[in-house]
Amino acid sequence: MKYIIVALILIPQVMFGQENKSLVQLQEKINHIIDTAGGKIGVGVMGMDFKTGFVINGNHEYPMMSVFKFPIAFAVLDKVDKGELKLNQKFHMPKESLDINTYSPMIKDFPNQDLDVTLADLLMYMVTKSDNNACDFLITKVAGGPAAINKYLHRAGVKDIAIAYTEGAMEKDKSLQYKNWLKPGGSLQLLQLLFDQKLLSKSNNDFLFQIMRELPDGSKRITVQLPAETELFHKTGYSGMNKQGMMAAFNDMGIVTLPNGKHLAISVFLSDFQGPLDRGINVIAAISKEIWDFYAIAK
């Protein structure tokens, strides 16, 4: 498949007049939330089908945690497009190879047994249910390893990302969480590639949209303070908390549909952030609400 280099140019200063003034005020409101929350917080906003965009604190390398399951799905589905794999293809997973101590809805659904799982179901478990066993199997047995996935993404033009380790490796050594990173600008590029169907065939792109739409309501962060009917395609990430109550990562990135039918990407990444969990949810929700009010109400 031909790789398409996607340039990301987000220069708020180009905007003029009252619109520019309002955008500056929006960024000031977001910065106020960031300053009072503490930790490292990065924000990215980009219109998918209209011109707007800005990044706040965009130079930091934010640990992804399960957010990286979204770009991994890109790499796997690319192999389907190339005819190397099929979505209905089954893979055998001996029970001895499965980590029973990691987060894995798949082995809760099918406990204490060998598994024969289709590629489509593995992708669903990885993206929708954030299953770590499905993720590591896809990385190591299907996609060719972290380096191959990283190379694929870089060739596609997404440079501000690093995928170096599996979930299992990060579980064993927590410091490796920081080696799988993404900058807000890179997250917007990934979402634009999905929205514009730049990397995958329509059927596989639609499939990825579907499994990003079906994340459980409990994982929603961007839309917590938005209207209940707001459509969201997204992927979250969470590192858990250490003994000091600090989270290495707490993230949400996705595309919302505005009341006028236009689509807006929102990415919020929290790193080295003091818990509890509800505090992280409230920060992402508050930032997203300010963005929503600007684009859906004030415009």
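Residues numbered from 1 in each chain as written. Predicted model: local features only at pLDDT ≥ 70, side-chain atom pairs only at ≥ 80, totals over all residues. Heavy atoms only, no water.

Focus on the pattern of salt bridges
Taken as a whole and judged by the stated rule, the model has 9 salt bridges. Between D109 and K129 there is a salt bridge; the shortest N-O distance is 3.7 Å. Placement of D109 in helix α3 (residues 105-109) and of K129 in the loop between α4 (119-127) and α5 (132-142) is noted, with a sequence separation of 20 residues between them. Exposure remark for K129: the relative accessible area of 33% places this residue in the partly exposed category. (Salt bridge = Lys/Arg side-chain N within 4 Å of Asp/Glu carboxyl O. Helix = DSSP H or I, 4+ residues; strand = E, 2+ residues; numbered from the N terminus. Buried < 20%, exposed > 50% of the residue type's maximum accessible area, 1.4 Å probe, protein only.)

Details of the packing of aromatic side chains
This structure, assessed with the given rule, holds 7 aromatic pairs. Aromatic pair F294 and Y295: ring centres 4.7 Å apart, planes at 85 degrees, arrangement edge-to-face. As far as the burial class goes, F294 and Y295 line up, both buried. (Phe/Tyr/Trp six-rings, centres within 6.5 Å; stacked < 30°, edge-to-face > 60°.)

Comments concerning the nonpolar core
The biggest cluster of nonpolar side chains holds 66 residues, and the ones touching the most others in it are F74, L123 and L208. Every residue in contact with L208, bar those within four places of it in the chain, is listed here: F70, A73, F74, L77, L194 and L200. Formed by 31 residues, the second largest nonpolar core is a distinct cluster that contains F54, V256, I287 and Y295. (Core = buried A, V, L, I, M, F, W, Y, C linked by side-chain atoms within 4.5 Å. Contact = heavy atoms within 4.5 Å.)

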